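Structural overview for review
Read off the chains here:
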Amino acid sequence: MSNYHKNILVVEDDPQIKNFICYSLKQAEFRYITAHTAQDALSHLISEQIDIMLLDLGLPDFDGMDVIKKVREWSDLPIIVVSARDQDSEKAAALDLGADDYLTKPFSATELMARIRVAVRHLHMHGKENQQGALTVGGLTIEMDKHLVYLDNKELHVTPMEYSLLSLLFKNIGKVLTTSAILKEIWGVGYGNDTQALRALMAGLRRKIEKNPAKPRYIITEIGVGYRLVDE
Amino acid sequence: MSEKKKFSVKGIVQRVILTVLLLSGASAIGYFFGWTGFPETNIVITYLLAVHMIAWLTDGFLWGIFSSIIATFLFNYFFTEPYLTFSVNDPSYIITFVIMTIVALITSTIASHAKKSAVDARQKEAETKAVYNLTNHLTDADNMQDIVGFAIGEISEYLGCQAACLCFQENGTPEDFFMQHRSDHKQIRREIEDAKEIKHRMEQLRTGYEIGSEFYDWPIYGYEKMLGMVRIPIKTAQTMSTAQTRLLRSMIESVALAMDRLRASELHNRSREETVQERYRANLLRAISHDLRTPLSGIMGTSEMIMDMSGQDDPRYNLASAIHKDADWLHSLVENILSLTRLQEGKLILNKQPEAVEEVLAGAIERISKQWPEYEIDVSMPDELLMIPMDAKLIRQVLINLLDNAIKHTLPDGDIRISVEKAENLHFAVFKIADSGSGISQEDLPHLFQMFYTSRTQIVDAKHGIGLGLTICDAIIKAHGGTIEAKNRIDRTGAEFTFTLPMEVQMHEQLS
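1. Looking at the overall build of chain B
From N to C terminus, chain B includes 13 helices and 13 strands. Buried residues in chain B amount to 33% of all 512 residues. A separation of at least 24 residues holds for 63% of the contacts in chain B among residues at least 6 apart in sequence.

Here is the structure:
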């Protein structure tokens, strides 16, 4: 499937940034339509087949957060937030509401395209429900059905907790998982906000899979927000 | 006041004169009645009237008894046969004398009782009025001066003196002046030098008041601590009755309540104001950062677009690339200015949480590597997980600024290294960022962290910036309770920046 079949909705009210995003999308041969208000965006989403949405949070009519909330009521299309707001709490809120990714302005075309590529791959993965087989990133492979992890073709010993953390990241490959989402998923609801425990668990896992935890190859920390397993 | 008069010589003389006058008056009227041939019962009644008046006009119970006995003797002396002797011919007069004495006694007792309760009632009324006026005024007072003014005014009026009041500030230190009531329309401000010492003495106090050279000082105890003292001039204080003392205490009590209420409402207002300001500031910063980032991303994106449209050898590529670099530089300046504004508000509340050092390092290195892909950064850190309480975003900003600074002074194949380790005493984590540039000149070393300091020995251009980066590092690290310093490397040329962060949460976390 070529990029041309993917229809991307660009919701952005700043003309310069819209131009720049559209140019980059055209270069990569995506189809796109633009909307400059939340109302516009919603009507496009209802009337047309949209595959991915790029969403600015500061829109003239409604807040982008409301758009995410509304869209998530009926659709799980990938939403990439593109915003000049850089508060961690807002990033985490957008992600917890169901946004798939968050890009802070100013950003480069390369960065944007990388995020869109991840979203496109998700569309494919989603179609196949390939959650039982083996997933690979670089030299790191996880076999979901056998609960095994391989690093550079050698079996890697991980604790059950480390395994569930890694498999959670693999299931959401390329996506930022907020700290609270991870805590809820691994420790369960009601465990509270013991981010310390998660940090310790992450540090342990990193020491097994990364050559240098300060220059991670696989698991990237989004400071103040959460973690992401790189997808390239 | 009445008790005071009772014992003064002047008072006794007055009473004696009054008694003599009234009794002689009664005797004179008696003579007149005897001369005109009125029955002598009238004379007895006249004496009783005189006794009654004496008991009423003087206030002593004793005076009443005394005068009733005298009256009986006078009647006996002047009006019963044989005249002008204390003997009596008709024994039935003995009964008259006894009854007359008893009646006189009862009358005088009742009179002096009535007098006393009238005085009591007046005093009660004065007390009630004083307390009422005071509380009434205190309710209206909305600042300390008013409270003090009303308090000393009412106390002075009640005690008939020139009372004064010394206030303590909110942090407990006494003011260096006190207010004194002089007259109804005049209150003066008097300097005081040994206020601290007085306060200290007051704190050791075991009795109700402290005796000074000019005043008796009564402490004003608030809900939590001493709020000040009411000063009563020695002369008045020494002669105060227990009732007055009691009332003074309750007045001071009211003053304390009013002061507490004022302090509480001031505190409340202040914190509400602060919250509003805090919200306003946060909104402003957010708006500014948003409004600066949006056009910057437009500029950066568009220049990137132009770079993409033109080939590398096209002169337009270089122009666009220059725009992009400058915009990028502007972007980092904006980030720094925003952090600085936050820090310089002086009341930065750090969002301190234990953070894994490796994650913060990785965050900074990722950002720098994206910007300067041609540079390799060497990292060394302990194998164990280091968790340090910090505001991760601010510390990342410090690392980014220091790495950026290192890169700007080093060639791409140079040696840029960052290391983290625990200090020997285990209380601090030590971060070192070293480059292999030309190092820092001795002239610049002492000024590096000053705001807007730009190297004197190097040519200033956009790449060197306006020297905000290091100032921010300094402010952030100090806000964390750490230290930062710069020096030249010993092993080779190049600069080395070292900063420390406390491993444990400290008590004094705020930027002073």
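2. Quick word on the overall build of chain A
Looking only at helices and strands, chain A has eight helices and 12 strands in total. Out of the 232 residues belonging to chain A, those deemed buried represent 38%. Restricting to contacts in chain A with at least 6 residues of sequence separation, those with at least 24 account for 58%.

3. Structural notes on the pairing of strand E2 (residues 177–183) of chain B
All names here are of chain B. Bridge count between strand E1 (residues 164–167) and E2: two bridges; the pairing is antiparallel. Residue pairing for E2: Ala164 is matched across the bridge by Gln180. When E2 meets strand E3 (residues 186–191), the two strands line up antiparallel, connected through six bridges. Opposite Gln180, over in E3, you have Ile188 as the bridge partner. Connecting E2 to the next strand, E3, in antiparallel fashion are two residues.

4. Focus on the interface of chain B and chain A
In this complex, chain B contributes 30 residues to the contact, which on the side of chain A involves 27 residues. Those elements that place two or more of their residues in the side of chain B that touches chain A are helix H9 (242–309), strand E7 (353–356), helix H11 (357–371) and helix H12 (392–408) of chain B. Residue contributions to the side of chain B that touches chain A peak at 13 residues, all from H9 of chain B. Considering only residue class, the side of chain B that touches chain A consists of 14 nonpolar, nine polar and seven charged.

5. Topic: the pairing of strand E3 (residues 52–55) of chain A
Residue and element names in this part refer to chain A. Where burial is concerned, the two faces of E3 agree: the one with Ile52 and Leu54 and the one with Met53 and Leu55 are both buried. Summarising the sheet, strand E1 (residues 7–11) and E3 pair through four bridges and their orientation is parallel. Residue pairing across strands places Ile8 opposite Ile52, the latter belonging to E3. Relative to strand E4 (residues 79–83), E3 runs parallel, the two sharing three bridges. Paired with Leu55 across the two strands is Val81, which belongs to E4. Between E3 and its parallel partner E4, the chain crosses via helix H3 (residues 64–72), and the hand of that crossover is right-handed.

6. Focus on the nonpolar core
Among the nonpolar cores identified, the biggest contains 59 residues, and Leu9 and Val11 of chain A are the most heavily contacted of them. With five residues, helix H5 (residues 109–128) of chain A is the single largest residue contributor to this core. Taken domain by domain, the makeup of this core includes at least three residues from each of domain 1 (3–128) and domain 2 (134–229) of chain A. In this view, Val11 of chain A contacts Ala35, Ala41, Met53, Leu54, Leu55, Asp56 and Leu59 of chain A; residues no more than four positions away in its chain are not counted. With 46 residues, the next largest nonpolar core counts Ile368, Ala429, Ala495 and Phe499 of chain B among its residues.

7. Quick look at the sheet that holds E2 of chain B
All names here are of chain B. Read from one edge to the other, the open sheet built from six strands follows the order E3-E2-E1-E6-E5-E4, with strand pairing classed as antiparallel. Edge positions in the sheet fall to E3 and strand E4 (210–211), since each of these pairs with one other strand and no more. With seven bridges joining them, strand E5 (residues 215–221) and strand E6 (residues 226–233) adopt antiparallel strand pairing. From the neighbouring strand, Tyr221 faces E6, where its bridge partner is Met226. Those strands touched by helix H7 (residues 195–203) are E1, E4, E5 and E6, and its axis lies near 70° from that of E5. H9 contacts E5 and E6 of the sheet and is inclined by roughly 45° relative to E5.

8. Re H12 of chain B
The α-helix winds at 3.6 residues per turn, so residues separated by three or four positions along the chain end up facing the same way. Over its 17 residues, H12 of chain B extends 24 Å from the first C-alpha to the last, a length consistent with the 24 Å expected when each residue adds 1.5 Å. Of all 17 residues making up H12 of chain B, 14 are buried, and the element is well covered by its neighbours.

9. Description of the packing of helix H6 (residues 160–171) of chain A against helix H7 (residues 179–186) of chain A
All names here are of chain A. At a closest axis distance of 11 Å, the pairing of H6 and H7 adopts a crossing angle of 130°. Taken as axis vectors, H6 and H7 run oblique relative to one another. Here the hand of the crossing between H6 and H7 comes out right-handed. Facing H6, whose interface residues are Met161, Ser164, Leu165 and Leu168, H7 presents Ile182, Glu185 and Ile186. Within the contact of H6 with H7, the residues separate by chemical class into five nonpolar, one polar and one charged.

10. Side note on the packing of helix H2 (residues 9–36) of chain B against helix H4 (residues 61–79) of chain B
Residues and elements named next belong to chain B. At a minimum axis distance of 11 Å, the contact between H2 and H4 shows a crossing angle of 30°. Taken together, the axis directions place H2 and H4 in an arrangement best described as roughly parallel. Crossing geometry of H2 relative to H4 is assigned as right-handed. Listed contacts from H4 to Arg15, Thr19, Leu23, Ser27, Gly30 and Gly34 of H2 are Trp63, Ser67, Ile70, Ala71, Leu74, Phe78 and Phe79. When grouped by side-chain class, the residues that make up the contact of H2 with H4 number seven nonpolar, five polar and one charged.

11. Observations regarding the sheet that holds strand E2 (residues 31–35) of chain A
Residue and element names in this part refer to chain A. Taking strand neighbours across the sheet as the criterion, the five strands line up as E2-E1-E3-E4-E5 in an open arrangement whose pairing is parallel. Every interior strand has two partners, whereas the edge strands, E2 and strand E5 (101–104), have only one. When strand polarity is set aside, the average angle formed by the axes of neighbouring strands in this sheet is 20°. Sheet topology note: the E1/E2 ladder contains five bridges and is parallel. Counted as the bridge partner of Ile8 is Tyr32 from E2.

12. What to know about H11 of chain B
Compared with an ideal rise of 1.5 Å per residue, which puts 15 residues at 21 Å, H11 of chain B spans 22 Å between its outermost C-alpha atoms and is within 8% of the ideal. For H11 of chain B, the set of buried residues is Val357, Glu358, Glu359, Val360, Leu361, Ala362, Gly363, Ala364, Ile365 and Ile368 of chain B.

13. A look at unusual backbone geometry
Residues and elements named next belong to chain A. Cis rather than trans, the peptide bond between Lys105 and Pro106 has omega equal to -5°. Secondary-structure assignment places Pro106 in the loop between E5 and H5. A positive phi angle is found at Asp152, which is not glycine, with a value near 50°. For Asp152, a count of 10 C-beta atoms within 10 Å puts it in the exposed group. Of note in this structure, Asn153 is not a glycine but carries a positive phi near 65°. By the element assignment, Asn153 lies in the loop between strand E8 (148–151) and strand E9 (154–156).

Cut-off values and rules
- Residues numbered from 1 in each chain as written.
- Chains lettered and ligands numbered in written order.
- Predicted model: local features only at pLDDT ≥ 70, side-chain atom pairs only at ≥ 80, totals over all residues.
- Helix = DSSP H or I, 4+ residues; strand = E, 2+ residues; numbered from the N terminus.
- Buried ≥ 20, exposed ≤ 12 C-beta atoms within 10 Å, placed from the backbone.
- Contact = placed C-beta atoms within 7 Å.
- Pairing = 2+ DSSP bridges.
- Nonpolar A, V, L, I, M, F, W, Y, C, P; charged D, E, K, R; others polar.
- Right-handed = clockwise from strand over helix to strand, strands pointing away.
- Core = buried A, V, L, I, M, F, W, Y, C linked by C-beta atoms within 7 Å.
- Domains from an automatic or database assignment.
- Axes fitted to C-alpha atoms, helices over the stretch in contact; angles between N-to-C directions.
- Expected span 1.5 Å × (residues − 1).
- Parallel < 35°, antiparallel > 145°, perpendicular 65-115°, else oblique.
- Left-handed = near helix turned anticlockwise from the far one by under 90°.

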